[in-house]
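Residue-level structural notes
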Amino acid sequence: MSALSAHVLEEIRELPAKYPQPRSAVMPALDLAQEELGHLTRDAMSEVAVALQLDPGYVEGVATFYSLFQLEPIGKHRFYVCTNLSCMLRGANEIVDHVKQAIGVTQPEQISADGLFSYEEVECLGACEFAPMMRLDHRYHYDLTPSRIDELIAERRGREKDVLPASGEVARSAGGEVPPPKKTRTPRKKKADG
Ligand code: FES
């Protein structure tokens, strides 16, 4: 049985025509696979390689190099909270604490009991003027507050139940969200020595 659905594989096969170099399609292809499965399994990476007619080692190399690709289950929605200087000075640590409490985890390796959420602290995401900020579901969220975190969690839970509609674009001044810059590589937080 195929790891990826037929329609995702079809989308992946169509990607190379959009790029001058067909192998440039590997990142968007892996993104589609991850979006469907939540993380990249070995089977999924093999299917991406076949669909793009690329060497499986190359596809796996890209997947393991970029931190935005997850090779282990991480929950469907992952909070990448920037805790670098500007964000830290404007309350990033409190945001992290609130995320952890709201989804009921204590460590980045943990997934919430409903399987939907996890979090990670990351380095500067290049939007310091809108601190504190984070990335969630391929979008940047600015001017974070604990209540905004609660709204985002409730929206995601609602979507899963098909109860609430997706929120759509939200004005930046109200703690808004925008897509991250293209080719964003989310820098992981370095672990402290010792
Ligand atoms: S310090 Fe957080 S985005 Fe730059």
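Shown above is the structure to which this text applies.
The rules behind each value
For every chain, the first residue of its written sequence is number 1, and the numbers climb from 1 along that sequence. Note on the predicted model: pLDDT of at least 70 is required for a residue's local features to be given, and 80 or more for side-chain atom pairs to be given and counted; whole-chain, interface and lining totals, by contrast, use all residues. Computation of side-chain values: all heavy atoms of the structure, hydrogens and water removed. Between Lys or Arg on one side and Asp or Glu on the other, a salt bridge is scored when a side-chain nitrogen of the former is within 4 Å of a carboxyl oxygen of the latter. In this text, helices come from DSSP runs of H or I with a minimum length of four residues, and strands from runs of E with a minimum of two, each type numbered from the N-terminal end. Axes, fitted as lines to C-alpha atoms, cover a helix only where it is in contact. Angles between the N-to-C directions of the axes lie from 0 to 180 degrees. The sense of a crossing depends on the near helix, which, turned anticlockwise from the far helix by less than a right angle, makes the crossing left-handed and, turned clockwise, makes it right-handed. Residue contacts are counted whenever heavy atoms from the two residues lie within 4.5 Å of one another. In this classification, Asp, Glu, Lys and Arg are treated as charged, Ala, Val, Leu, Ile, Met, Phe, Trp, Tyr, Cys and Pro as nonpolar, and every other residue, Gly included, as polar. An angle below 35 degrees is read as roughly parallel, one above 145 as roughly antiparallel, one from 65 to 115 as roughly perpendicular, and any other as oblique. Note on exposure labels: buried denotes an accessible area under 20% of the residue type's maximum, exposed denotes more than 50%, and partly exposed covers the range between, all computed with a 1.4 Å probe on protein chains only. We treat two strands as partners when DSSP finds at least two bridges between them. Each Phe, Tyr or Trp ring, with Trp reduced to its six-membered ring, pairs with another whose centre is within 6.5 Å; inter-plane angles below 30 degrees give stacked pairs, above 60 give edge-to-face pairs, and intermediate values give tilted ones. Throughout this description, the term charge over a ring refers to an Arg CZ or Lys NZ atom that lies within 6 Å of the ring centre and within 35 degrees of the ring normal. What the arc covers is the set of directions going from the helix axis to the C-beta atoms. Whenever two N or O atoms come within 3.5 Å, that pair is a polar contact, provided that in protein one can donate a hydrogen and the other can accept it, and provided that, for residues adjacent in sequence, both atoms are side-chain atoms.

Focus on the pattern of salt bridges
Tallied over the full model, the rule gives eight salt bridges. A salt bridge links Arg 156 to Asp 137; its shortest N-O distance comes to 2.9 Å. You can see Arg 156 sitting in helix α7 (residues 146-161) and its partner Asp 137 sitting in the loop between β3 (134-136) and β4 (139-141), a full 19 residues away along the chain. A single network of salt bridges, built from pairs that share partners, joins Asp 137, Arg 148, Glu 151, Glu 155 and Arg 156.

Details of the packing of helix α6 (residues 92-103) against α7
Viewed as axis vectors pointing N to C, α6 and α7 meet at an angle of 35 degrees, and their least axial separation amounts to 10 Å. By crossing handedness, the relation of α6 to α7 is classed as right-handed. Of α7, the residues touching α6 (which contributes Ile 95, His 98, Val 99, Ala 102 and Ile 103) are Pro 146, Ile 149, Asp 150, Ile 153 and Arg 157. Each residue belonging to the contact of α6 with α7 can be placed in one class, and the counts come to seven nonpolar, one polar and two charged.

Some details on the packing of helix α1 (residues 6-14) against helix α3 (residues 42-52)
Between α1 and α3, the least distance of the axes is 8 Å, while the angle of their chain directions is 45 degrees. Regarding the angle of α1 to α3, the classification is oblique. For α1 against α3, the interelement crossing comes out right-handed. Counted together, Leu 9, Ile 12 and Arg 13 of α1 and Glu 47, Val 48, Ala 51 and Leu 52 of α3 form the full contact between these two elements. Per-class residue counts for the contact of α1 with α3 are five nonpolar, no polar and two charged.

Examining α3
Burial in α3 covers these residues: Ala 44, Met 45, Glu 47, Val 48, Ala 49, Ala 51 and Leu 52. Where α3 is buried, its residues meet α1, α2 (26-37) and α4 (56-65). Gln 53 sits one or two positions beyond α3 and adopts a positive phi of about 55 degrees.

Notes on the pairing of strand β1 (residues 77-82)
With six of its six residues buried, β1 lies for the most part within the structure. Across the two faces of β1 the burial is the same, with His 77, Phe 79 and Val 81 and Arg 78, Tyr 80 and Cys 82 all buried. Pairing analysis gives six bridges linking β1 to strand β2 (residues 117-122), with the strands arranged parallel. Bridged to Val 81 within β2 is Glu 121. For β1 and β3, the ladder comprises three bridges, and the chain directions are antiparallel. Across the sheet, Tyr 80 pairs through a bridge with Arg 135, a residue of β3.

Focus: the packing of aromatic side chains
Taken as a whole, this structure holds four aromatic pairs when the rule is applied. An aromatic cluster of three or more residues is present, and its members are Phe 130, Tyr 140 and Tyr 142. Directly above the ring of Tyr 58 sits Arg 23, whose terminal nitrogen or CZ lies 4.0 Å from the centroid. One Lys or Arg, Arg 135, reaches over the ring of Tyr 80 and ends 4.7 Å from the middle of that ring.

Remarks on α4
Listed as buried for α4 are Val 59, Val 62 and Ala 63. Considered in projection along α4, the buried side chains sweep an arc of 100 degrees and stay on one side of the axis. Residues of α4 that are buried make contact with α2 and α3. Taking the backbone nitrogen of Gly 57 as reference, a side-chain oxygen 3.0 Å away marks Asp 55 as the first, capping residue of α4.

Interpretation note: all reported values are geometric properties and have no functional meaning in isolation.
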